[in-house]
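Fold and geometry: a report
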Amino acid sequence: MSGGVDSSVAALLLAKEDYDMSAVFMRNWDTRDESGTDKGCEWEKDWEDVQRVCRVLDVPVTMIDLSKEYWNRVFEPSLRQWEMGVTPNTDVSCNREIKFGALLERLPATSGQRPWFATGHYARKAWSHGRPQLVRPADKHKDQTYYLSSISENGLRRALFPLSQLPKTEVRELARKHGFHNAERPDSVGICFVGEKGKFKNFLADYLPVNFGPIVNQLTGQVIGEHTGLWNYTIGEGSRLPGMPTRMSVSRKDTLTNTVYVVPGTKHEELFTDILHTQYPPELDSPSGFRAQMMHRYRMAASQCTVTRSPDGGFVVRSDNPQHAVAPGQIAVLYNGDWCLGCGPISSTARSRTPRMADSTIPASPRLNP
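For clarity, every value in this text was computed on a predicted model and none was experimentally measured.

Let us now look at helix 1 (residues 5–15). Among the eleven residues of helix 1, nine are classified as buried, and the element is accordingly described as predominantly covered. Those residues of helix 1 that sit buried are Val 5, Asp 6, Ser 7, Ser 8, Val 9, Ala 10, Ala 11, Leu 12 and Leu 14.

In this fold, His 268 is placed in the loop between strand 11 (259–264) and strand 12 (272–278). Among the polar contacts listed, one links the side chain of His 268 to the backbone nitrogen of Glu 270, at a separation of 3.0 Å. Each residue touching His 268, except ones within four places of it in the same chain, is listed here: Leu 219 and Val 263.

In this section: unusual backbone geometry. The residue Arg 299 is not glycine, and still its phi comes out positive at about 70 degrees. Take Arg 299: it is sitting in the loop between strand 13 (290–295) and strand 14 (303–309). A positive phi angle, close to 55 degrees, is found at Ala 325, a residue other than glycine. Along the polypeptide, Ala 325 turns up in the loop between strand 15 (315–324) and strand 16 (331–336).

In this section: helix 5 (residues 90–106). The end-to-end C-alpha separation of helix 5 is 21 Å, well short of the 24 Å expected for 17 residues at 1.5 Å each. In terms of burial, helix 5 is largely enclosed, as 13 of its 17 residues are buried. Where helix 5 begins, the capping side chain belongs to Asn 89, and its oxygen is found 3.1 Å from the backbone nitrogen of Asp 91.

Bringing the pairing of strand 5 (residues 131–135) into the picture now. The buried fraction of strand 5 amounts to four of the five residues, a majority that puts the element mostly inside the structure. Pairing geometry for strand 4 (residues 124–128) and strand 5, over five bridges, is antiparallel. What sits directly across from Trp 127, in strand 5, is Pro 132. Here strand 4 folds back onto strand 5 in antiparallel fashion, the turn holding two residues, of which His 129 has a positive phi close to 55 degrees. As paired elements, strand 5 and strand 17 (residues 339–350) share two bridges and run antiparallel to each other. Bridge pairing in strand 17 places Leu 134 opposite Cys 340.

Taken as a whole, this structure holds 16 aromatic pairs when the rule is applied. Between Trp 29 and Tyr 207 the ring centres are 6.5 Å apart and the planes differ by 65 degrees, which places this aromatic pair in the edge-to-face class. With Trp 29 in the loop between strand 1 (23–27) and helix 2 (32–35) and Tyr 207 in the loop between helix 9 (200–204) and strand 7 (213–217), this residue pair connects regions lying 178 residues apart in the sequence. The exposure class assigned to Tyr 207 is partly exposed, which follows from its relative accessible area of 22%. With 5.2 Å between their ring centres and 65 degrees between their planes, Phe 203 and Tyr 207 make a pair best called edge-to-face. Note on Phe 203: relative accessible area 4%, which makes it buried. Taken together, the aromatic side chains of Trp 29, Tyr 70, Trp 71, Phe 75, Trp 82, Phe 203 and Tyr 207 make up a single cluster linked through ring pairs. Sitting over the face of the ring of Tyr 335, Arg 136 holds its NZ or CZ atom 3.8 Å from the ring centroid. Here Arg 252 stacks its cationic end above the ring of Tyr 261, 4.1 Å away from the centre of that ring.

The next subject is the sheet that holds strand 11. The strand order 8-7-11-10-9 describes an open sheet built from five strands, whose pairing is mixed. Strands at the two margins of the open sheet, each flanked by one partner only, are strand 8 (223–227) and strand 9 (238–239). Strand direction decides the pairing type here: strand 7 and strand 11, joined by three bridges, are parallel. Among the inter-strand pairings, Ile 215 is bridged to a residue of strand 11, identified as Val 260.

The interhelical angle for the contact between helix 4 (residues 67–83) and helix 5, taken along N-to-C directions, is 160 degrees, at an axis separation of 9 Å. Considered as vectors, helix 4 and helix 5 are oriented roughly antiparallel to each other. Pair helix 4 / helix 5 crosses with right-handed handedness. Contact with helix 4, carried on its side by Glu 69, Tyr 70, Arg 73, Val 74, Ser 78 and Trp 82, involves Thr 90, Ser 93, Cys 94, Glu 97, Ile 98, Gly 101, Ala 102, Glu 105 and Arg 106 of helix 5 and no other residues of that element.

The rules behind each value
Residues numbered from 1 in each chain as written. Predicted model: local features only at pLDDT ≥ 70, side-chain atom pairs only at ≥ 80, totals over all residues. Heavy atoms only, no water. Buried < 20%, exposed > 50% of the residue type's maximum accessible area, 1.4 Å probe, protein only. Helix = DSSP H or I, 4+ residues; strand = E, 2+ residues; numbered from the N terminus. Polar contact = N/O pair within 3.5 Å; in protein donor to acceptor, adjacent residues only side chain to side chain. Contact = heavy atoms within 4.5 Å. Expected span 1.5 Å × (residues − 1). Pairing = 2+ DSSP bridges. Phe/Tyr/Trp six-rings, centres within 6.5 Å; stacked < 30°, edge-to-face > 60°. Lys NZ or Arg CZ within 6 Å of the ring centre and 35° of its normal. Axes fitted to C-alpha atoms, helices over the stretch in contact; angles between N-to-C directions. Parallel < 35°, antiparallel > 145°, perpendicular 65-115°, else oblique. Left-handed = near helix turned anticlockwise from the far one by under 90°.

Any functional reading would require information beyond the geometric quantities listed.
If you want it as structure tokens, here you go:
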């Protein structure tokens, strides 16, 4: 339980069933661990909210400190990627490494049986040939399979998603009906389990040293500005630069030369790509390629694509339509309709005039992630 309305109602629904149930709260971050002051109590308010709901439900609750695991397995690796100009998705890695990783490792077995593990995610689980499948929920507007796309098959096997058939409006109504104080609490935003940090660039400035480099007009090769670190810019991001007659957008970042490249406007062809390179597990093996749908950002419209294996053992995803502002480090998630096949981080992108198409269908293997 996180303290939000979704996990609270998930607990409510399970409390009505004949389960031997307890709740767990994860403490994954506290600014005071680094500052040594009383400033930064993000988790304490959430912990109090969880305890209040559990008192209403008469459910025991425990706090587990996973701040070391979060730092070592999520935040520090992401910090190195940001420093290199890559755009990692900490929410995806947090679900894999912490909620469905470190937390599951810490949950005690009862009578030799590993427990089921329920969350307030909007997702659904199906079964095929004895193996679990991650599937979109009934409320497509709240679909969170994108963020769950990298969890292991073992983690998915033990998961329960009580909200899979409910719209968010009904979830809030249930919370009101049962007198939950957090029924109107807004959805959380910001880094997973870190809390709202104001401007993200200011937050990263506490951890990464300034690294000056040139901003270059990609079309002319002219140096038109200076940046303080590649992590301050995202592919597709627009900004006004002194002396430029129009708004410029970031088109590329070069780690070797510490250079940010920009092009004019927001629709320049350099901002679009139809070829993504990523590393998917070798379980997905279809030599002739297969058709799927791809998302490289949460809540975007899925793009029809063809997936083929590359000579280096990775995979090439060719989108039928050019995609805007695709950045290395983003997560490319593949779907077959409502079935989430799995995901992989984007290592590089390219553009072609005539993307190749494959006629083969989705292979039999139910999951990409081992």
